[in-house]
Amino acid sequence: MRHFFQARTMRDPIGIKDDNYFEKKEGIVTLQYPFEELPVPDNGRYQLHNEIDDCIVCDKCAKVCPVNCIDIEPVKALEEIGKTSDGTPKRIYAAKFDIDMAKCCFCGLCTTVCPTECLTMTKEYDFSVFDLTEHNFVFGNMSEEEVAEKKEELEKHNAAKQKEKEAKPVVATASELETEEKKKTVFKPKVKNVGSDDVAKKPVFKPKVKAKTETAEDKGIKVEESTKPVKPVFRPKIKAKSMDSETQESKVESEPIKQKPVFRPKIKVKEKPLEEPNDLKSEAEGERKEEIPKTKKPVFRPKIKPKK
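Residues numbered from 1 in each chain as written. Predicted model: local features only at pLDDT ≥ 70, side-chain atom pairs only at ≥ 80, totals over all residues. Heavy atoms only, no water.

(A) Inspection of the overall build of the protein at higher detail. Along the protein, the regular secondary structure elements total eight helices and seven strands. Considering the protein as a whole, with its 308 residues, one finds that 14% of them fall into the buried category. Sequence-distant contacts, at least 24 apart, represent 66% of the contacts inside the protein between residues at least 6 apart. Accessible surface, the protein as shown: approximately 30500 Å² in total, 55% of it carbon and sulfur. (Helix = DSSP H or I, 4+ residues; strand = E, 2+ residues; numbered from the N terminus. Buried < 20%, exposed > 50% of the residue type's maximum accessible area, 1.4 Å probe, protein only. Contact = heavy atoms within 4.5 Å. Areas by Shrake-Rupley, 256 points an atom, 1.4 Å probe, with all protein chains shown as cover.)

Structural data, given as structure tokens:
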């Protein structure tokens, strides 16, 4: 209860470096909103506002909006209706300029594309309401009667302009005809001859077109069949098979299928050294023994089976 009565008074503003900063435990800590508010930065993105007198109804903000929260209905004026603060002429009425802040994502793209800088973001961040329709902010200053009147004037002007265009005879002047002929002519650049005059110019390719001659059949005259031999149709020569398919099949059935022989590698038998005769043994050790001729290695000759 004691703390409740002490909470009615404000805390003295003490810096964090003060020695008694943590001893000050009594008093109101939070702000008394809405009577007291925190400062808002100048570049903050909050509620949108449009200065309709500077708006030229260019429709750029509505096109760039990613959530389609800006709704504009333009009506073209017959003449200049005024100027903005920066001197830009105004030629379009803003029959409708609504911004639905319930859809807004506060991206700020609409303010960057605005050519006259009439669309800005204010510091108003608290616009909570009980009815969602109150989030639709209307910036158009024209009544329904004025909008209907301007639309009717524009329709009459367009109808009169269309009648004048239809009634006016189309008479082309000499200068207009010359300009049309110039448009029709194809531009052909002149190419200067480089080098000496001996260089021959490249001839222009002109394809020959055969003139179509009328035949007797086109004229309706019957012509007897000519004795001229007809050109034979090209028939490629096909090599005849050595045997018919039936005879070949019968031959394959009659002949037994030879089995492939199993590969058996030949193993060379090592030759035993010849024993010396007893007569040679008895001879003196100084005598030279007769040299025994060695057998030559046989050349490998693969067997090639004849084709069937």
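(B) Representation of the layout of surface pockets in the model. Roughly 690 Å³ of volume is contained in the largest pocket. Class assignment for the residues of the lining of the largest pocket results in eight nonpolar, no polar and eight charged. (1 Å grid on protein atoms, 1.4 Å probe; cavity = no way out; pocket = protein on both sides within 12 Å on 5 of 7 lines; lining within 4 Å. Points joined across faces, edges and corners; volume = space filled by probe spheres on them. Nonpolar A, V, L, I, M, F, W, Y, C, P; charged D, E, K, R; others polar.)

(C) Geometry of the packing of aromatic side chains. Counted according to the given criterion, the structure contains three aromatic pairs. With centroids separated by 6.5 Å and ring planes inclined at 80 degrees, the aromatic side chains of F97 and F139 adopt a geometry described as edge-to-face. Placement of F97 in strand β5 (residues 92–100) and of F139 in the loop between β7 (136–138) and α4 (144–167) is noted, with a sequence separation of 42 residues between them. On the basis of relative accessibility, which here comes to 1%, the residue F97 falls in the buried class. Look at F106 and F127: their rings are 6.5 Å apart centre to centre, the planes differ by 40 degrees, and that puts the pair in the tilted class. Of the two residues, F106 is situated in the loop between β5 and α3 (109–113) and F127 in the loop between β6 (119–121) and β7; the sequence distance between them amounts to 21 residues. Looking at F127, the relative accessible area reads 18%, which means it is buried. (Phe/Tyr/Trp six-rings, centres within 6.5 Å; stacked < 30°, edge-to-face > 60°.)

(D) Examining the pattern of salt bridges more closely. Enumeration according to the criterion identifies four salt bridges in this entry. As a salt-bridge pair, K96 and D71 come within 2.8 Å of each other at their nearest N and O atoms. Linking K96 in strand β5 with D71 in strand β2 (residues 70–76), this pair joins segments that are 25 residues apart in sequence. Under the relative-accessibility criterion, D71 is labelled partly exposed at 36%. Its salt-bridge partner being K156, residue E152 comes within 3.7 Å of it at the nearest N-O pair. Of this pair, E152 and K156 both sit in helix α4, four residues apart, roughly one helical turn. (Salt bridge = Lys/Arg side-chain N within 4 Å of Asp/Glu carboxyl O.)

(E) Local environment of the nonpolar core. Membership of the largest hydrophobic core comes to 22 residues, with the highest contact counts inside it found for L48, C61, I70, I72, F97, I99 and L119. By residue number, the principal contributor to this core is β5, which donates three residues. V75, A77, Y93 and M142 belong to the second largest nonpolar core, which has six residues in total. (Core = buried A, V, L, I, M, F, W, Y, C linked by side-chain atoms within 4.5 Å.)

(F) Quick look at empty space enclosed by the protein. Across all of its chains, the model carries two cavities of 30 Å³ or more by this definition. Here the largest cavity defines a volume of roughly 90 Å³. Taken together, 14 residues make up the lining of the largest cavity; nearest its centre are C55, C58, C61, C114 and C118. Along the lines of polarity and charge, the residues of the lining of the largest cavity split into ten nonpolar, two polar and two charged. In terms of lining residues, the second largest cavity is bounded by 13 residues, among which C65, C69, C104, C107 and C110 are the most central. The residue makeup of the lining of the second largest cavity, split by class, is twelve nonpolar, one polar and no charged.

(G) Molecular detail of unusual backbone geometry. Residues other than glycine seldom take positive phi values, yet D59 does so here, at roughly 70 degrees. With respect to the element layout, D59 can be found in the loop between β1 (48–50) and α2 (60–64). Using a relative accessible area of 26% as the deciding quantity, one classes D59 as partly exposed. Even without a glycine there, the phi angle at E117 is positive, about 55 degrees. Note on placement: E117 falls in the loop between α3 and β6. Relative accessible area serves as the criterion here: at 63%, E117 is assigned to the exposed category.

(H) How the structure looks around the sheet that holds β2. Across the sheet, which stays open at both edges, the three strands sit in the order β2-β5-β7 with antiparallel pairing between neighbours. The open sheet has two free edges, formed respectively by β2 and β7, since each of these has just one partner strand. Looking at each pair of strands side by side, their axes are set apart by 15 degrees on average, direction ignored. Two strands pair when backbone bridges link them, and β5 and β7 are joined in this way by three bridges, in the antiparallel orientation. Bridge pairing links D100 to N136 in β7. The sheet contacts of α4 involve β2 and β5, and relative to β2 the element is tilted by about 50 degrees. (Pairing = 2+ DSSP bridges. Axes fitted to C-alpha atoms, helices over the stretch in contact; angles between N-to-C directions.)

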